[in-house]
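Here is how the chains run, residue by residue.
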Amino acid sequence: MSTKAYYPISEIGAGKVGFSRTRSIIEGAFYGNNVVKVTTLREAYELAKNSPGTIVTDMPVYRAEEVGLDRDAKVLLFNDGAVTGRYAGARRIKGEPGVDATKLDKVAMDAIYSARWKTLYHAEVYIGLDPEFMVKAHLLIPEGEENIMYNWMLNFQYMSDEYVKMYLASKKVGDGKESDIYIFSDPQWVPESHPDVDYSCLSDPLTLCYFDTEANCACILGMKYFGEHKKGTLTIAWAIANRNGYASCHGGQKEYLLADGKKYVASVYGLSGSGKSTLTHAKHDGKYEIKVLHDDAFIINTDTCASIALEPSYFDKTADYPTGCADNKYLLTVQNCSATMDEEGKIQLVTEDIRNGNGRAIKSKLWSPNRVDKIEAPVNAIFWIMKDPTIPPIVKLKGAALASVMGATLATKTSTAERVAAGTDLNALRIVPYANPFRTYPLVNDYEKFKKLVEEKNVDCYIINTGDFMGKKCKKEDTLGILEAIVENKATFKKWGPFSDIEIMDWDGFVPDLGDKTYVAELQARMNDRVNAVKGFAEKKGGYDKLPDEALEALEKVVKEAQSL
């Protein structure tokens with residue numbers, strides 16, 4: 001099997017693989033006499049349907065039996081409360097400088113002890129949808145949180161007969177040394193004063209996402225939002241992939257089949273709200289035969305350049321899908337939206353973020369009829385999606401160091417999918433390396449993997465701006481037109497001003513004026529922000545995320561060239 005669930009007696013003990021202190025605290029809870037195993041998606045549906053506060057809509061689940069449900073299953077709606085986004089501030093990563101694992105272990109230990117008075121549900125799923133890479137994950141969560149469990153089983157791959165057979169025949173990840181993922185979650189947890197428990201180790205006083213990714217486990221406390229459980233699980237799966245020769249990707253990938261029979265595989269990387277899902281699922285008016293891998297989570301084998309999806313379904317915003325929208329036919333569950341009655345007295349969804357920002361839904365794999373779980377053809381291009389007003393709608397990067405470090409200094413704006421501290425400027429640019437705020441390993445690991453793809457595997461690298469360019473909005477139609485020109489090999493790139501490693505493509509209405517002193521000053525400032533970001537990586541957290549000197553040098557070269565304008 002792909003990850004290890006069972007251990008010979010000789011392999012159990014202190015200092016052996018899979019037996020860290022944190023792992024021992026978390027995994028032990030799964031075997032308590034207060035634990036109920038939930039083995040099927042149908043069982044999870046019934047539990048969620050009958051959970052207090054669930055709204056059972058009159059919207060049928062489309063082709064429910066193909067998804068693993070009974071034919072008469074309905075779309076379930078559940079609302080979390082005031083928090084409707086992820087909160088990165090609650091994350092604590094074991095092994096990072098400044099993280100007190102001794103204190104955090106005791107917080108987890110005490111939280112699990114307190115949960116003994118509750119009935120706990122144990123669910124299992126697979127992450128990774130091809131025999132090349134499949135890992136098993138376990139979730140333990142209290143009674144009353146059935147909707148989180150059901151969503152988790154829908155978001156990842158529940159144990160259908162097909163996938164159980166595939167898993168049994170799959171390759172052992174890490175030569176059989178990688179253990180199953182174990183996640184303990186108690187959304188109802190509230191910190192209480194107990195002997196020997198010191199909450200000063202928390203970065204947030206009321207919530208905690210504690211990861212021991214070396215031992216493939218996590219403890220999530222006080223967090224009701226399903227996205228924490230989705231991304232928390234992916235965090236560990238991405239770490240496993242990283243250790244085993246894959247580039248871990250928070251983005252989307254698709255394959256274009258052109259008229260001449262050639263294939264073009266494009267990967268786009270961006271935060272929620274950046275346009276990565278729109279670009280991934282765009283059908284281009286039927287110009288090409290398209291295969292979609294996924295729009296949020298996948299991995300690339302850095303030797304073969306083949307790519308594997310980690311999830312079957314889609315966790316999408318509902319803001320752009322009004323009541324009655326044809327795409328809503330594919331909804332499985334909905335979170336943080338409202339409901340009302342139609343003229344026939346049937347309960348319908350109220351979407352468009354009327355109730356709150358970041359309304360969400362899990363959509364069936366059937367939403368994308370051209371969906372595949374693996375793309376064998378090697379990836380051709382990487383597109384960093386940025387919302388930097390000094391970057392034209394498209395630029396091409398030359399040189400592996402610059403291509404990778406631009407991903408490491410990806411500039412974007414805060415998404416409504418995230419919960420941020422009061423007073424945060426939501427319009428300010430911020431750096432999110434590789435559009436992936438869920439990394440639990442040193443940043444250099446991602447830097448080297450993306451650099452390898454460009455340097456050794458001849459993958460092209462671009463920056464796409466889906467925000468605005470000096471006050472002019474980069475519309476979806478512009479971005480799609482640019483992509484089509486690149487895919488069809490009709491795009492012409494030329495040297496951009498003084499920049500020796502950046503090329504530009506002329507696009508109507510978006511030609512940067514390098515004679516405009518205001519624009520040049522802004523461009524210099526934004527490039528210098530990236531230099532400062534890389535310097536910051538070398539200083540913060542004791543240099544945990546320091547990049548090689550070549551990365552800083554590649555950016556400093558761009559800044560120096562910009563200063564010549």
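Data block above holds the structure.
All values derive from a computational prediction rather than experimental measurement. (Residues numbered from 1 in each chain as written. Predicted model: local features only at pLDDT ≥ 70, side-chain atom pairs only at ≥ 80, totals over all residues. Heavy atoms only, no water.)

Caption draft 1: How the structure looks around the overall build of the chain. Of regular secondary structure, the chain possesses 13 helices and 29 strands. Overall, the C-alpha framework of the chain stretches about 70 × 60 × 50 Å when taken along its three principal axes. Counting only residues that meet the buried cut, the chain has 58% of its 565 residues in that class. In the chain, the share of contacts with a sequence separation of at least 24, taken over all contacts with a separation of at least 6, comes to 75%. (Helix = DSSP H or I, 4+ residues; strand = E, 2+ residues; numbered from the N terminus. Buried < 20%, exposed > 50% of the residue type's maximum accessible area, 1.4 Å probe, protein only. Contact = heavy atoms within 4.5 Å.)

Caption draft 2: Representation of the pattern of salt bridges. Within the structure shown, the criterion is met by 37 salt bridges. For the salt bridge of Asp 296 with Lys 230, the shortest nitrogen-to-oxygen distance reads 3.3 Å. You can see Asp 296 sitting in the loop between β12 (289-294) and β13 (297-301) and its partner Lys 230 sitting in helix α7 (residues 226-243), a full 66 residues away along the chain. A salt bridge links Asp 549 to Lys 546, with the shortest nitrogen-to-oxygen separation between them at 3.3 Å. When salt bridges with common partners are traced through the structure, they connect Lys 230, Lys 231, Lys 276, Asp 296 and Glu 311 into a single cluster. (Salt bridge = Lys/Arg side-chain N within 4 Å of Asp/Glu carboxyl O.)

Caption draft 3: Molecular detail of the sheet that holds strand β9 (residues 217-221). A sheet is described by the order of its strands in space; here 7 strands give the open sequence β1-β5-β6-β7-β9-β8-β4, paired in mixed fashion. Only two strands of the sheet have a single partner each, and these edge strands are β1 (35-37) and β4 (91-93). Ignoring which end each strand starts from, the neighbouring axes of this sheet average 20 degrees apart. Sheet strands touched by helix α6 (residues 161-168): β5 (120-130) and β6 (133-142). Its angle to β5, the strand with the most contacts, is close to 70 degrees. This element, α7, spans β4, β5, β6, β7 (181-186), β8 (208-212) and β9 of the sheet and lies at about 160 degrees to β7. (Pairing = 2+ DSSP bridges. Axes fitted to C-alpha atoms, helices over the stretch in contact; angles between N-to-C directions.)

Read these as spatial facts, not as claims about activity.
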